[in-house]
Amino acid sequence: MSRRWRIGRVFVLRHAGMPFDWIEGLGAGPELLRAADELLDLEEALLAEAGRQAAVREAVGRCAPERLPAAHRAGGTAAAWAEAAERYRHLYREADERATKELRRVLEHPEVGEAIFLSNPDAHRNMLLPMLAYGGALNSRHRRVRRQLYTYVQRFCAKNETVSFFGPMAYAEVRPGAGAVLRADRPRVRRVFLAGWAARELFRAIARDGRLLPDLRFHRTGRAGPEDDAVLGAIGPGGATLRELRAATGLPAKEIGRALRTLSASGVLDVELGGGPYDLEPLATLRDQLGRLPASAARQEWLARVEALDAGRAALESGPLERRIAALAELEALFTAVTGTEARRGAGATYADRAVVFEECASPFSLEIGQETVAAWERALRPALEVCVAHGHATQRAAAGAVAAALGGAGELTLLRYATATAELFRTSGSVFQTGHAPRYPGSAWHAHADRLLDAAAELPGDRYAVIDLCPRAAGAAGLPSAELVVARTHHHLQVRSWLGTMYGDPAAFEAEAARWVAEQDGRLVGLDFGRRNKGYYRFPGPEVALRAPSWTDGARAELSQAEEFTVRVDGSGPRLLDPRGRQVHAYIPLSDFVKYPPYAALSHPQVLHPVFADDGDQPEVRVGGVLLQRPRWRLVPAGLTLPAPEARFLQLRRVARRTGRRFVFCRSDRERKPYLIDLASPLAADLVAHVARDTGGLSAEAMIPEPDELWLRDPEGRRYTCELRMQVIGRETT
């Protein structure tokens, strides 16, 4: 038995929105780097002579020659080290000042200022503008501001995120023939959306207006309610208003109002406001709904408010930054006045769904890949993907065993009860690289374990699917056909209709291959509908079961079931999901956290997951079938990176550079989900890594691969961009 893997014919080109050249240009000059190397050479010799003398080791560790004991200052290696340390510190201070000036030049780019504003308006006003206006020496507060602004720059220049113009949406398509063609001529279209949380606050404010309540329409959500309830029984497929219910039941308005509140609180009913959890244009939907209400002063007031909010949203899609700053302030003030809710959440956190609006942008780049190149990639990727198949199977079995042990002899539960019961027993997040229950494979013997996983995969029947982040190593698009392939991540997902396709002109084509494969499963693959997560959404092209707050739109969706209708049967081998007819089905899990969450992972379609080969410390580079499946990683000791003196922290970065042989690494602390790019040759990075390493028990560094000269995505000016090809792969069983 074997599988033939096929790459989807449309996929996402995720890339940083600003050139990598900008962040690379913030490194120190060769004179400082040579001085640091000379100092480190002398340091090794001095420590070898000093043995365990604590005073000498402390002086060396802190780059503080004045701390050397008097007996070591007279001559020899110690004196040479002290002289080199003084020269290094002088050069470091000069380089640190130059780094501030170079950072200021990058911050002066208009797009950098706008990106900081869109990420965090408070940071733009309170940090960026004062920093650009200040030209004096840096005190501790200014250094903190400099570090925070540098953090934004490394994000904009080195992170393949998808947000606004500094993380734009680009796409690639497969065409007949060979080779690859990169274009950079697409218009940069920007779209601004009302955040999902903000739409919900607006709906609540409208529903609280007692003047409108008699004419608002309530619908069944599909969730079962009390069969003998007169109000519920009077609500048909088209919903009903309080006025209509009063006429149909003869009950007093107050009694009907109490019943509506109770049924809505239990999720049996929902008011017709907005277009459900996946409505990307709730203001337009709401405007149409209010327009259908009977004419009244309240209706006109709310229509005017909704139209003003939509006009404010539209004003943010174009115009110079100064105008957009004013437009956002007006929109936020209006939102707060209308809803009574603050327009920002998350205390300005960069990655939180904290703003009242969010923006997406079409990238100027587009890529066409020849079918012959894609076919070669499919063949090259097969061994690595099969390793992920076997690891996914082992991980899923471990999840099933953990759930069975936790639930004991649970027997049969509804899916709703199963979700509730397991929520009390399991956490919903895994580690930064893998889940806690996943098998780990010793890095020192990764060859043998990779071979064993390949053999195990050959015994696992059935189709598999994944979305991979593929990073070819090439100096330009023309080199893609012969590029070495790096699989950065393997996600157990399909490329379904989602927020990642917002700027792709043909949503049906975006999900076409996933939809065809799902249709072949004949209803045995069921999507778990968790709703939207901040701005993210995923629409499964098949039957779904709701595991979210119910919506008025659910009652009309024949393909959507309720969690009470599905059963989970738990025995010693783990849980199995049964549909209302009693057939065993598999769950499609759209959110990465839940893919790693044992109770849902155990119900999933057979998983395809990225293994980790590691010993207690460093993790090796792993290649399977010529494909790089694991970049090298190193464990770092936080203590040396958090020393008080900046020059001592930078010298620690140079020690890491010697150890790793790298200039750029991605660092992540044990308390961070997102990595930071650390330039081991930059004084600015010494401040950033000190912040990342503070108050953490561990720090990991992963090599930047592709390296800077292997960044194939380049604009017409030749500037380089980090990128990855997020592509769907489906492995079909062959005999």
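Going along each chain's sequence as written, the residues are numbered from 1 onward. Restriction of local features to residues with pLDDT of at least 70 applies here, the model being predicted, together with a cutoff of 80 or more for giving and counting side-chain atom pairs; totals for whole chains, interfaces and linings are based on all residues. To obtain the side-chain values, all non-hydrogen atoms of the structure were included, while hydrogens and water were left out.

- Labelled according to an unreviewed UniProt entry, the protein appears under the name Lantibiotic dehydratase, originating from Streptosporangium fragile.

### Focus on the sheet that holds strand E10 (residues 411-414)
Then step 1. Pairing between strands is defined by DSSP: at least two bridges between the two strands are required. Numbering of helices and strands starts at the N terminus; helices are DSSP runs of H or I of at least 4 residues and strands are runs of E of at least 2. Pairing is mixed in the open sheet, where seven strands are placed in the order E10-E18-E19-E20-E14-E16-E17. With one partner strand each, in any of the chains shown, E10 and strand E17 (560-562) form the two edges of the open sheet. For this sheet, the mean angle separating the axes of adjacent strands, direction not counted, is 40°.
Then step 2. Pairing of E10 with strand E18 (residues 567-571), which is carried by four bridges, proceeds in the antiparallel orientation. For Thr 414, the partnering residue across the bridge sits in E18 and is Thr 567.
Then step 3. Sheet strands in contact with helix H15 (residues 371-407) are E18 and strand E19 (574-578), and its direction is about 95° off that of E19.
Then step 4. Contacts between helix H16 (residues 415-423) and the sheet are confined to E10, strand E14 (525-529), strand E16 (544-546), E18 and E19, with E10 contributing the most and set at about 100° to the helix. All axes are obtained by fitting lines to C-alpha atoms, using only the stretch in contact for helices, and the reported angles, taken between N-to-C directions, cover 0 to 180 degrees. For this analysis, residues touch if any pair of their heavy atoms sits within 4.5 Å.

### Observations concerning the packing of aromatic side chains
Then step 1. By convention, a stacked pair of Phe, Tyr or Trp rings (six-membered ring in the case of Trp) has centres within 6.5 Å and planes under 30 degrees apart, an edge-to-face pair has planes over 60 apart, and any other such pair is tilted. Across all of its chains, the model carries 22 aromatic pairs by this definition.
Then step 2. Relative to Tyr 92, the ring of Tyr 88 lies with its centre 6.3 Å away and its plane at 40°, an arrangement referred to as tilted. Note that Tyr 88 and Tyr 92 are positioned in helix H4 (residues 76-107) at a spacing of four residues, about one turn of the helix. Accessibility assignment for this pair places Tyr 88 and Tyr 92 in one class, buried.
Then step 3. Where Tyr 465 meets Trp 517, the ring centres are 5.5 Å apart and the plane angle is 65°; that geometry is what we call edge-to-face. Here the residue Tyr 465 occupies a position in strand E11 (residues 464-470), and Trp 517 occupies one in helix H19 (residues 512-520), the gap between them amounting to 52 residues. By the burial criterion, Tyr 465 is buried, and Trp 517 matches it. Burial status follows relative accessibility: with a 1.4 Å probe on protein chains alone, a residue under 20% of its type maximum counts as buried, one over 50% as exposed, and anything between as partly exposed.

### Observations concerning the layout of surface pockets
Then step 1. Space inside and on the surface of the protein is sampled on a 1 Å grid over the protein atoms alone, with a cavity defined as a set of points where a 1.4 Å probe fits but cannot get out and a pocket as an open set with protein on both sides within 12 Å along at least 5 of 7 lines; lining residues have an atom within 4 Å of a point. Grid points are joined across faces, edges and corners, and a volume is the space filled by probe spheres set on the points. Roughly 1,100 Å³ of volume is contained in the second largest pocket.
Then step 2. In terms of lining, the second largest pocket is formed by 39 residues, of which the most central are Arg 200, Phe 203, Arg 204, Asp 270 and Pro 550.
Then step 3. Of all the secondary-structure elements, those providing two or more residues to the lining of the second largest pocket are helix H8 (196-207), helix H11 (253-265) and strand E8 (269-271).
Then step 4. In terms of residue count, the dominant contributor to the lining of the second largest pocket is H8 (seven residues).
Then step 5. Here the nonpolar group is Ala, Val, Leu, Ile, Met, Phe, Trp, Tyr, Cys and Pro; Asp, Glu, Lys and Arg are the charged ones; every other residue, Gly included, is treated as polar. Taken together, the residues of the lining of the second largest pocket break down into 19 nonpolar, 10 polar and 10 charged.

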